[in-house]
Amino acid sequence: MMAATSLLAFLSKLFSNSLPVIIGNMLSVIISCYFINNMAGSDGWGWYFTPLNPIQLLITVSLLNLIPQFFAMKFANKYKITFDKRAFASKKQT
């Protein structure tokens, strides 16, 4: 999951469109929250999330998943700046 979301964040920032990352993270949390609430009635899942409750764990994991996405977007920005400088330098020489 971390590799896929980081790759999508990298590509999104590389093509200067951060909207899919924002919408994707929001939809992920909303859909996960929906399914957690559907499973809330079953007592068999209560032990799985200790010491946090399911919503707290969802928020924690979602926030932790933003960290590699942030670094991937920073790397894409740095890569894009470096790539643009090289392209500009080659145009200037010709």
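In case you missed it, the structure is sitting above this.
These notes cover the structure that comes with them. (Residues numbered from 1 in each chain as written. Predicted model: local features only at pLDDT ≥ 70, side-chain atom pairs only at ≥ 80, totals over all residues. Heavy atoms only, no water.)

A few points about the overall build of the protein
Turning to step 1, where the next piece is worked out: A count of helices and strands for the protein gives three helices and zero strands.
Turning to step 2, where the next piece is worked out: Secondary structure elements in the protein, listed N-terminal to C-terminal, are α-α-α.
Turning to step 3, where the next piece is worked out: Looking at the protein residue by residue over its 94 residues, the buried ones come to 18%.
Turning to step 4, where the next piece is worked out: Pairs at least 24 residues apart make up 72% of the contacts formed inside the protein by residues separated by at least 6 positions. (Helix = DSSP H or I, 4+ residues; strand = E, 2+ residues; numbered from the N terminus. Buried < 20%, exposed > 50% of the residue type's maximum accessible area, 1.4 Å probe, protein only. Contact = heavy atoms within 4.5 Å.)

Focus on the layout of surface pockets
Turning to step 1, where the next piece is worked out: Here the largest pocket is characterised by a volume of approximately 340 Å³.
Turning to step 2, where the next piece is worked out: If you go around the largest pocket, you meet 19 residues; those closest to its centre are Gly-24, Asn-25, Ser-28, Asn-65 and Gln-69.
Turning to step 3, where the next piece is worked out: Only helix H1 (2-14), helix H2 (19-39) and helix H3 (54-93) provide two or more residues apiece to the lining of the largest pocket.
Turning to step 4, where the next piece is worked out: Residue contributions to the lining of the largest pocket peak at eight residues, all from H3. (1 Å grid on protein atoms, 1.4 Å probe; cavity = no way out; pocket = protein on both sides within 12 Å on 5 of 7 lines; lining within 4 Å. Points joined across faces, edges and corners; volume = space filled by probe spheres on them.)

Let's talk about the side chain of Asn-65
Turning to step 1, where the next piece is worked out: Within the secondary structure, Asn-65 is located in helix H3.
Turning to step 2, where the next piece is worked out: Those residues in contact with Asn-65, other than ones at most four positions away along the chain, are Met-1, Met-2 and Thr-5.

Brief notes about unusual backbone geometry
Apart from glycine, the bulk of residues carry a negative phi angle, and the bulk of peptide bonds sit in the trans form.
Turning to step 1, where the next piece is worked out: Positive phi outside glycine occurs at Ser-16, with the angle close to 55°.
Turning to step 2, where the next piece is worked out: Looking at the element boundaries, Ser-16 is found in the loop between H1 and H2.

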